[in-house]
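A structural walkthrough
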Amino acid sequence: MSATARQTAPMPVDIKSRKGGEPIVSLTAYTTPMAQMMDAHCDIVLVGDSVGMVLHGLPSTLEVTMEMMILHGRAVSRGLSRAMMVIDMPFGSYEQSSEQAFENAAQLMRETGAGAVKLEGGQHMAQTIEFLVQRGIPVMAHIGLTPQSINTLGGYKVQGRGPQAEVLMQDAKAVAAAGAFSVVLEKTPQGLSDEITASIDIPTIGIGASAGCDGQILVVDDMLGLFTAFKAKFVKRYADLGDLGEAAIAAYAADVRARRFPGPEHVFADAAPKVKAAQ
Ligand code: KIV
């Protein structure tokens, strides 16, 4: 990614100013070709720690490391010229202290070219968000279902029903007041998501939340049908590339076994025989 190539990318302040306007379009990406495919269509491309589950076959996002995020972040940034790149802070890289969060966020931005980081947590992370923002690190917050806390949440359940609704509202207000430029609402009831959207001055980006959010995000492998281990209710499959890919691989295997591949068009002619000089 060159500085010139990224000049047209929106900045976090531009995203913030989209509050209440045209919905913000976001997807996750982990590789250069995927990033290239979505660059013209998305406002934000998130290098999500979901990479651990969808590309590395891990059972959760908990084992994702800084090294993995940097590797995939660098790959994604090579594929982007106009969308803003946000990168997830992996589990264990920011919770201990604001200083730890700053060091790791700065490394992620410096080594990948991301324009902002995302971290999970509401009121208890507000102080850290403020610390980062005051030191030049734009932060996208993530509340509701926060997959890095799966062990304390007790599963991938809808968050914010009943008395928890007020907690979630306070989480949203706390991250907005701390200076986050946007907040992901994951797996939160529709009515509550709309209320939160109306109550804070930063864009809400929904995933399993509400069409009334200021923007939407999906995991790209989910919406393309490439990740098929399970399908959350909030995922809309726009393609079944997993099935298409498997059918193509099966056709290739059959061709190889029947010696139909490679065909004459895929192979190279031998060198023409040399003409012997007359004696
Ligand atoms: O890691 C991720 O993909 C995410 C999105 C689901 C918001 O955090």
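Look a little higher up for the structure.
Here goes a summary of the coordinates provided.

Turning our attention to a nonpolar patch on the surface. Residues L226, L241 and L244 make up a contiguous nonpolar surface patch of about 250 Å² in total accessible area. Its place among the elements puts L226 in the loop between α10 (220–223) and α11 (241–257).

Okay, the environment of Y30 next. By secondary structure assignment, the location of Y30 is in the loop between β1 (24–28) and α2 (32–38). For Y30, a relative accessible area of 2% puts it in the buried group. It is 17 Å that separates the C-alpha atoms of Y30 and P59, two residues lying 29 residues apart in sequence. Apart from residues no more than four positions distant in its own chain, Y30 is found in contact with G48, S50, V51, V54, L55, H72, A75, V76, V219, V220 and D221.

Right, let's get into the site of the ligand. Around the ligand lies a shell formed by T28, L46, G48, D49, S50, D88, K118, H142, I207, I217 and V219. Separating an oxygen atom of the ligand from a side-chain N or O atom of D49 is a distance of 3.0 Å. One nitrogen or oxygen atom from the side chain of D88 is found 3.1 Å from an oxygen atom belonging to the ligand. When isolated, the ligand has an accessible area of 260 Å², and the protein chains bury 95% of it.

Another aspect to go through is unusual backbone geometry. The residue after F261, namely P262, is reached through a cis peptide bond having omega 0 degrees. A positive phi angle, near 50 degrees, is found at K187, a position not held by glycine. Relative to the helices and strands, K187 is located in the loop between β6 (182–186) and α9 (190–199). Phi is positive for R259, which is not a glycine, with a value near 55 degrees.

Our next topic: the packing of helix α8 (residues 164–178) against α9. The contact between α8 and α9 brings their axes to 10 Å, and the two run at 30 degrees. In terms of their interaxial angle, α8 and α9 are classed as roughly parallel. Note that α8 runs across α9; the crossing there is right-handed. Along the contact surface, α8 presents A165, L168, M169, A172 and K173, while α9 presents L192, E195, I196 and S199. By residue class, the composition of the contact of α8 with α9 is 6 nonpolar, 1 polar and 2 charged.

With that settled, the discussion passes to the packing of aromatic side chains. The final tally for this structure, using the stated rule, is 2 aromatic pairs. A centroid spacing of 5.9 Å and a plane angle of 65 degrees characterise the contact between Y252 and F261, whose relative ring orientation is edge-to-face. Lying across the ring of F131, R135 places its NZ or CZ 3.6 Å from the centre.

Below, the discussion takes up α9. Residues spaced three or four apart along an α-helix face the same direction, because each turn holds 3.6 residues. Every buried residue of α9 is accounted for by L192, S193, I196 and T197. Take α9 and look down its axis: the buried residues cluster within an arc of 140 degrees, on one side only. Facing away from the buried side of α9 by more than 90 degrees, the exposed set consists of Q190 and A198. For α9, the elements touching its buried residues are α8, β6 and β7 (204–207).

Reading guide: rules and limits
- Residues numbered from 1 in each chain as written.
- Predicted model: local features only at pLDDT ≥ 70, side-chain atom pairs only at ≥ 80, totals over all residues.
- Heavy atoms only, no water.
- Patch = residues over 30% accessible without salt bridge, like charges linked within 9 Å, V, L, I, M, F, W, Y side chains within 5 Å.
- Areas by Shrake-Rupley, 256 points an atom, 1.4 Å probe, with all protein chains shown as cover.
- Salt bridge = Lys/Arg side-chain N within 4 Å of Asp/Glu carboxyl O.
- Helix = DSSP H or I, 4+ residues; strand = E, 2+ residues; numbered from the N terminus.
- Buried < 20%, exposed > 50% of the residue type's maximum accessible area, 1.4 Å probe, protein only.
- Contact = heavy atoms within 4.5 Å.
- Near = heavy atom within 4 Å.
- Polar contact = N/O pair within 3.5 Å; in protein donor to acceptor, adjacent residues only side chain to side chain.
- Axes fitted to C-alpha atoms, helices over the stretch in contact; angles between N-to-C directions.
- Parallel < 35°, antiparallel > 145°, perpendicular 65-115°, else oblique.
- Left-handed = near helix turned anticlockwise from the far one by under 90°.
- Nonpolar A, V, L, I, M, F, W, Y, C, P; charged D, E, K, R; others polar.
- Phe/Tyr/Trp six-rings, centres within 6.5 Å; stacked < 30°, edge-to-face > 60°.
- Lys NZ or Arg CZ within 6 Å of the ring centre and 35° of its normal.
- Arc of directions from axis to C-beta.

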